[in-house]
Amino acid sequence: MRVVSGIQPTGNLHLGNYLGAIRNWVSMQDEGECLYFLADLHALSMPYEPAELTANTREMTAALVACGIDTDKSILFNQARVTAHAELQWLLNGTARMGWLNRMTQWKDKAGKNREGQSVALFSYPVLQAADVLLYQATHVPVGEDQKQHLELARDIAQKFNNDFGDVFTLPDPIIPPAAARIMSLRDGNAKMSKSDASDMSRINLVDDPDTIVNKVKKAKTDPEPLPSEAAGLDGRAEAKNLVGIYSALSNESVDSVLARFGGQGFGAFKPALAELMVETLKPISERFNALRRDAAALDAILVKGAERARVLAAPTLARAYSALGLSR
Ligand code: TYM
């Protein structure tokens, strides 16, 4: 079992990242060999400040360690330090098809009506993501629901490459949590919780202090109805469904059992309980994060060591890909 996954080091880690992906990263550390990386090369696809990217890469490293990534067990690194990612992407560009990339919902969402004005990197982003996992013969890729389509594309690329040039790549399976695979914005139950949302009130950051969390939950959008007693009663109530889903993921209870307790009550009773649960979960993480974040040298050392280990694992597959394509080096 080879586990591989990445996260963009843009802005803060939020509750969606944590419940959708990072919690699984942590629990999978004991089940197989794990490689986790900061997708700094992917950050090039949108406008950004170079100095901020450097700082955010370190911060995100501290955040992942604070969440429980153990750098003795898992290999933690940033993509740019392992040049095989960029190399393999170029090799896979010969296999990926324009039509496949054109269908990606992330591309459509981010490009909007201005496709001509987007970077080539935004369009070919999923090919780099395919390279990220195929490079290590990943079998399992823990991600949130929003990355499922990119993982399917990685499988398509692997399959076509294997058909055209011989068996080189393993087809990876996405591992998506049964609950909380898609945490929504606190301001709009139909938009996903995201780092790029202009309103900080839309998300719970892992570094938010207790007062901020309580305030964000208090102001979270809801509807005037009391909570239903069963999960089916949440249909058509996007905001209520999201908040109950978050509660259920944090407490490791089913939605039905949460509703058995809160059904019939209004949000005035439910929201303080939810905020308390969030504060309890995030407090130890943000304490560890604050202790780690200022030691740039220690964080760089983690990434340097991780990259050394990752390079060793990447080398054989990269060599096989070059050779299958008839390229000498
Ligand atoms: P990114 O940085 O947007 O998100 C990191 C992880 O968090 C999950 N996630 C969510 N899960 C549930 N609800 C949400 N609201 C939510 N928001 C984010 C994402 O699904 C993801 O698992 N392209 C990727 C990074 C990447 C990658 C890879 C992932 C690059 N190469 C290779 C897996 C394998 C991204 O931008 O994730």
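Above this note sits the structure.
Residues numbered from 1 in each chain as written. Predicted model: local features only at pLDDT ≥ 70, side-chain atom pairs only at ≥ 80, totals over all residues. Heavy atoms only, no water.

**Student:** Summarise the pairing of strand 3 (residues 75-78); cite the residues concerned and give the values.
**Tutor:** Neither face of strand 3 is open: one carries I75 and F77, the other L76 and N78, and all of them are buried. Pairing analysis gives 4 bridges linking strand 2 (residues 33-38) to strand 3, with the strands arranged parallel. Bridge pairing in strand 3 links F37 to F77. On the question of chirality, the crossover connecting strand 2 to the parallel strand 3 by way of helix 2 (residues 50-67) is right-handed. (Buried < 20%, exposed > 50% of the residue type's maximum accessible area, 1.4 Å probe, protein only. Helix = DSSP H or I, 4+ residues; strand = E, 2+ residues; numbered from the N terminus. Pairing = 2+ DSSP bridges. Right-handed = clockwise from strand over helix to strand, strands pointing away.)

**Student:** How would you explain the packing of aromatic side chains if you had to name every residue and give the values?
**Tutor:** Each pair of aromatic rings is reported with the distance of its centres and the angle of its planes. Taken as a whole and assessed by the stated rule, the structure comprises 9 aromatic pairs. Centroid distance W107 to F123: 4.9 Å. Interplanar angle 75°. Geometry classified as edge-to-face. Of the two residues, W107 is situated in helix 5 (residues 105-111) and F123 in helix 6 (residues 120-134); the sequence distance between them amounts to 16 residues. Residue classification places W107 among the buried positions, given a relative accessible area of 8%. Among the residues examined, F123 registers a relative accessible area of 13% and is labelled buried. Relative to F169, the ring of F161 has its centre 4.9 Å away and its plane inclined at 65°; by these criteria the two rings are edge-to-face. Among the aromatic side chains, those forming a connected cluster through ring pairs are F37, F77 and Y136. (Phe/Tyr/Trp six-rings, centres within 6.5 Å; stacked < 30°, edge-to-face > 60°.)

**Student:** Before we move on, can you summarise the nonpolar core with the specific residues and values?
**Tutor:** Ranked by internal contacts, the top residues of the largest apolar core, which has 54 residues, are L15, L19, I22, F270 and M278. With 10 residues, the single largest contributor to this core is helix 11 (residues 267-292). Structurally, this core is a two-domain feature, drawing no fewer than three residues from each of domain 1 (2-180 + 295-324) and domain 2 (184-290). When near neighbours in sequence (up to four residues on either side) are disregarded, L15 contacts G20, M193, I204, L206, I246, L250, M278 and L282. Counting 43 residues, the second-largest nonpolar core is a separate cluster that includes L88, A154, F169 and A321. (Core = buried A, V, L, I, M, F, W, Y, C linked by side-chain atoms within 4.5 Å. Domains from an automatic or database assignment. Contact = heavy atoms within 4.5 Å.)

**Student:** So what's going on with the environment of L128? Which residues, and what values?
**Tutor:** Mapping L128 onto the fold places it in helix 6. Sequence-wise, L128 and L41 are 87 residues apart; in three dimensions their C-alpha atoms are separated by 8.5 Å.

**Student:** Please provide a residue-by-residue account of the site of the ligand, values included.
**Tutor:** Every one of the 27 residues lining the ligand counts as a neighbour, but Y125, D132, G144, D146 and I183 are closest to it. Measuring from a nitrogen atom of the ligand, one finds a backbone N or O atom of M193 at 3.0 Å. Note that an oxygen atom of the ligand is positioned 3.2 Å from one of the side-chain N or O atoms of K195. Coverage of the ligand by the protein chains reaches 96% of its 710 Å² of free accessible surface. Residue assignment for the shell around the ligand shows that the elements contributing at least two residues are strand 1 (2-7), helix 1 (15-28) and helix 6. Looking at the shell around the ligand residue by residue, the class counts come to 12 nonpolar, 11 polar and 4 charged. (Near = heavy atom within 4 Å. Polar contact = N/O pair within 3.5 Å; in protein donor to acceptor, adjacent residues only side chain to side chain. Areas by Shrake-Rupley, 256 points an atom, 1.4 Å probe, with all protein chains shown as cover. Nonpolar A, V, L, I, M, F, W, Y, C, P; charged D, E, K, R; others polar.)

**Student:** Summarise the side chain of N17; cite the residues concerned and give the values.
**Tutor:** Mapping N17 onto the fold places it in helix 1. N17 has contacts with I7, N12, I22 and K195, leaving out every residue within four places of it along the chain.

**Student:** Residue-level account of the pairing of strand 2, with values.
**Tutor:** Within strand 2, 5 of the 6 residues are buried, which leaves it mostly tucked inside the rest of the structure. Across 6 bridges, the pairing between strand 1 and strand 2 is parallel. Each bridged residue has a counterpart across the sheet, and for V3 the counterpart in strand 2 is C34. In this view, the connection linking strand 1 to its parallel neighbour strand 2 by way of helix 1 has right-handed handedness.

**Student:** Got a sec to walk through unusual backbone geometry? Specific residues and values, please.
**Tutor:** The phi dihedral of Q137 falls on the positive side, at around 55°, and the residue is not glycine. Examined against the element boundaries, Q137 turns out to sit in the loop between helix 6 and strand 4 (140-142). Phi is positive for N252, close to 55°, though the residue is something other than glycine. Along the chain, N252 turns up in the loop between helix 9 (238-251) and helix 10 (255-262). Looking at N252, the relative accessible area reads 64%, which means it is exposed.

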